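Residues per chain are reported as follows:
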Amino acid sequence: MTPTTTNKRIRPLFLNIAFIVIGGAILVFLFNAPKETTTKLPKDLTHSRFQEMGKKEAEKFCTECHSPKGVSPLPEGHPPKYRCLFCHKRQ
Ligand code: HEC
Ligand code: HEC
């Protein structure tokens, strides 16, 4: 921001619009980006019991199978896996 070159009457309006546009863009990004692309929790027998129970409770079971020693290890380079169901939405 260089005050010397900016028209004093236009600047506040411009800044407000820029703020709304940038803020809106960030919100749209945060709400859309993860759930559009990430695989959903499968709707099969293995995973059906996790549809009803609380998310935090369900996530305790995920690593029984989705770990290096489990039947279905996480792919290499998997993102930080703290909250499974935050990214792998239930459907
Ligand atoms: C009893 C073992 C087991 C448990 C517990 C389990 N899974 Fe799975 N999961 C599997 C197996 C096996 C597959 C691969 C075959 C399939 O798609 O069902 C799989 C596949 C997946 C997939 C990917 C499906 C695809 O399209 O490749 C996701 C995502 C997933 N599981 C998430 C979870 C989450 C989140 C939890 C915890 C709430 C969980 N799983 C608990 C066995 C398990
Ligand atoms: C920060 C978001 C995030 C979290 C948290 C997360 N994952 Fe993932 N997971 C991904 C992404 C991104 C991929 C890559 C494939 C895709 O786009 O679905 C992936 C892939 C997988 C796959 C392979 C599915 C496939 O389509 O190849 C499994 C299984 C899986 N995750 C299970 C889990 C489990 C179990 C947890 C919790 C211990 C977990 N994930 C937590 C984002 C996440």
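Residues numbered from 1 in each chain as written. Chains lettered and ligands numbered in written order. Predicted model: local features only at pLDDT ≥ 70, side-chain atom pairs only at ≥ 80, totals over all residues. Heavy atoms only, no water.

Quick notes on the site of ligand 2
Piece 1. Close to ligand 2 lie 16 residues; T39, H78, C84, C87 and H88 are nearest.
Piece 2. H78 places a side-chain nitrogen or oxygen 2.7 Å from a nitrogen atom of ligand 2.
Piece 3. Between ligand 2 and the protein, one listed contact pairs a nitrogen atom with a side-chain N or O atom of H88 at 2.8 Å.
Piece 4. If you list the elements that add at least two residues to the shell around ligand 2, you get helix 3 (55-65) and helix 4 (84-87).
Piece 5. Classifying every residue of the shell around ligand 2 by side-chain character gives seven nonpolar, seven polar and two charged. (Near = heavy atom within 4 Å. Polar contact = N/O pair within 3.5 Å; in protein donor to acceptor, adjacent residues only side chain to side chain. Helix = DSSP H or I, 4+ residues; strand = E, 2+ residues; numbered from the N terminus. Nonpolar A, V, L, I, M, F, W, Y, C, P; charged D, E, K, R; others polar.)

Considerations on the nonpolar core
Piece 1. Core analysis: the largest hydrophobic core is formed by five residues, namely L41, F50, M53, A58 and L85.
Piece 2. Excluding residues within four positions of it along the chain, F50 makes contact with L41, A58, F61 and R90. (Core = buried A, V, L, I, M, F, W, Y, C linked by side-chain atoms within 4.5 Å. Buried < 20%, exposed > 50% of the residue type's maximum accessible area, 1.4 Å probe, protein only. Contact = heavy atoms within 4.5 Å.)

Digging into the packing of aromatic side chains
Piece 1. For the structure on display, the rule yields one aromatic pair.
Piece 2. Against the face of F61 rests R49, its NZ or CZ located 4.9 Å from the ring centre.
Piece 3. Against the face of F86 rests K89, its NZ or CZ located 5.3 Å from the ring centre. (Phe/Tyr/Trp six-rings, centres within 6.5 Å; stacked < 30°, edge-to-face > 60°. Lys NZ or Arg CZ within 6 Å of the ring centre and 35° of its normal.)

Things to note about the coordination of the iron atom of ligand 2
Piece 1. Taken together, H78 (NE2) and H88 (NE2) make up the full set of protein donors to the iron atom of ligand 2, lying 1.9 Å away.
Piece 2. Angles of 87 to 179 degrees at the metal separate the six donor atoms of the iron atom of ligand 2, which places the site in the octahedral class. Of this pair, H78 sits in the loop between helix 3 and helix 4 while H88 sits in the segment after helix 4, placing them 10 residues apart in sequence.
Piece 3. For H78, a relative accessible area of 28% puts it in the partly exposed group.
Piece 4. For H88, a relative accessible area of 26% translates into the label partly exposed. (Donors = N, O, S within 2.8 Å, 3.2 Å for Na, K, Ca; no water. Tetrahedral: all angles 85-135°; square planar, octahedral: opposite > 155°, others 65-115°.)

Describing the coordination of the iron atom of ligand 1
Piece 1. Protein-derived coordination of the iron atom of ligand 1 comes from H47 (NE2) and H66 (NE2), at a distance range of 1.9 Å.
Piece 2. Around the iron atom of ligand 1 sit six donor atoms, and with donor-metal-donor angles ranging over 88 to 179 degrees the site reads as octahedral. Here H66 lies in the loop between helix 3 and helix 4 and H47 lies in helix 2 (residues 45-48), a separation of 19 residues in the sequence.
Piece 3. Residue classification places H47 among the buried positions, given a relative accessible area of 13%.
Piece 4. You can call H66 partly exposed: its relative accessible area is 26%.

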